[in-house]
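# Results of the structural survey
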Amino acid sequence: MRYYLLLSLVLLVSACGKPTGKVIAKIPEASGIDYCPHDDTLIVANDEGTYYKIDRKGKILHKNKLGKYDLEGVVCEEKEILFAVENKGLLSVDTKTGEMKSIVLDTFYKGKKLPLFHKKSGVEGIAKSGNIVYLAKQSDKKKKSFIAVVRLTPYPSRIIDVIEHHVADTAGLTYDDGYLYMVSDKEDLLIKYNIVKKKSVLKVKLEEGAWEGIAFDNKGNVYLADDEGRVLKYKKKRLGL
């Protein structure tokens, strides 16, 4: 009897352990999200070449159609918004003029060309720290899912390292305080990755969703973008971060 009671308790904890977030916005095919610290807003990218600027409560401030781009990730800075385009590469948008330009990226690493930009299994997430950009390559297979570490300058930008994290379908990525945070669409997981130690240090099981983006603001909140059309907000403590 004691065994069955213990088993029932474990199952109950497992069932109730998935943190739930608050839906703050509904944006079609939300495929990437990032926090803009200079104006305390968020940028949400979608698969149809449009990005949305929203406030932290989810109010849509404006949207901008860039063209026929499959936007899969975004980094927001004061002078530039940087997008990962799944099958093409990197796209930079000047925040003042709206001017767009492609960033040339040498995809060779250790003598081999990495399969980064493909129509159905290309780059799905982007994060940035200083002059280093991290690009999450999506794959349903753990061995083919990786993060390319890219040095942006001097020209051309090139891959200087590859992180093999052994997590399938990493579709969202962000950098925060020395760690990379990934979300797995297939496994409904949030993963905290230690860049220095080169290993995952925490995995959080998420509620069911088509997770494709993650961002942190400076007030202890985490935002997840769901490709099914939602932006959710969590407290870091609720996620155990």
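Heads up: the structure comes first, above all this text.
If you're wondering where the values come from, they're calculated on a predicted model, not measured in any experiment. Position numbers for residues start from 1 in each chain and track the written sequence from start to end. Predicted model: local features are reported for residues with pLDDT of at least 70 only, side-chain atom pairs are reported and counted for 80 or more only, and whole-chain, interface and lining totals are derived from all residues. Side-chain measures were taken over the full set of non-hydrogen atoms in the model, leaving aside hydrogen atoms and water.

Here we take up the pattern of salt bridges. We define a salt bridge as a side-chain nitrogen of Lys or Arg found within 4 Å of a carboxyl oxygen belonging to Asp or Glu. For the structure on display, the rule yields nine salt bridges. With a closest N to O distance of 3.0 Å, Glu77 and Lys128 form a salt bridge. On the criterion of sequence distance, the pair formed by Glu77 in the loop between β6 (71-76) and β7 (80-85) and Lys128 in strand β13 (residues 123-129) is long-range, its members being 51 residues apart. Using a relative accessible area of 18% as the deciding quantity, one classes Lys128 as buried. Across the pair Arg158 and Asp106 runs a salt bridge, and its minimum N-O distance is 3.2 Å. Here Asp106 lies in strand β10 (residues 105-106) and Arg158 lies in strand β16 (residues 157-163), a separation of 52 residues in the sequence. Only protein chains enter the accessibility calculation, which uses a 1.4 Å probe; a residue is then buried when its area is under 20% of its type maximum, exposed when over 50%, and partly exposed in between. Judged by relative accessible area, which is 30%, Arg158 ranks as partly exposed. One network of salt bridges, with partners in common, ties together Asp40, Arg56, Asp217 and Lys219. By definition, any uninterrupted DSSP run of H or I lasting at least four residues is a helix, any uninterrupted run of E lasting at least two residues is a strand, and each is numbered from the N terminus.

Before going further, it helps to spend a moment on the pairing of strand β18 (residues 179-184). Taken across its six residues, β18 has five buried, putting it largely inside the fold. Two strands pair if DSSP finds at least two bridges between them. Looking at chain direction, strand β17 (residues 170-176) and β18 are connected through six bridges and run antiparallel. Bridge pairing in β18 links Asp176 to Tyr179. In this antiparallel pair of consecutive strands, β17 and β18, the connection spans two residues, and Asp177 shows a positive phi of 55°. With six bridges joining them, β18 and strand β19 (residues 189-194) adopt antiparallel strand pairing. The residue bridging Ser184 from the neighbouring strand is Leu189, located in β19. From the end of β18 to the start of β19, which pair antiparallel, there are four residues, and Asp188 there has a positive phi angle of about 50°.

Next up on the list: the state of the cysteines. Here, a disulfide means two cysteine sulfur atoms that sit within 2.5 Å of each other. One pass over the structure, following the stated rule, counts one disulfide. Linked covalently through their sulfurs, Cys36 and Cys76 form a disulfide whose S-S length is 2.1 Å. When the S-S torsion is 115°, as for the bridge of Cys36 with Cys76, the disulfide is right-handed. Taken together, the positions of Cys36 in strand β2 (residues 30-36) and Cys76 in strand β6 put the pair 40 residues apart, joining distant regions of the chain. In this structure Cys36 comes out as buried when scored by relative accessible area, which is 0%.

So, about the sheet that holds strand β21 (residues 211-216). Whether parallel or antiparallel, the strands of a sheet pair through hydrogen bonds between backbone atoms. The four strands are arranged β1-β23-β22-β21 in an open sheet whose pairing can be described as antiparallel. Pairing within the sheet leaves two strands with one partner each, and these edge strands are β1 (22-25) and β21. Here the average twist between neighbouring strands, direction ignored, is 30°. Note: β1 against strand β23 (residues 230-235), three bridges, orientation antiparallel. By the bridge assignment for β23, Lys22 is matched with Lys233. Simply put, an axis is a line fit to the C-alpha atoms, just over the touching stretch for a helix, and the angle between two N-to-C directions goes from 0 to 180 degrees.

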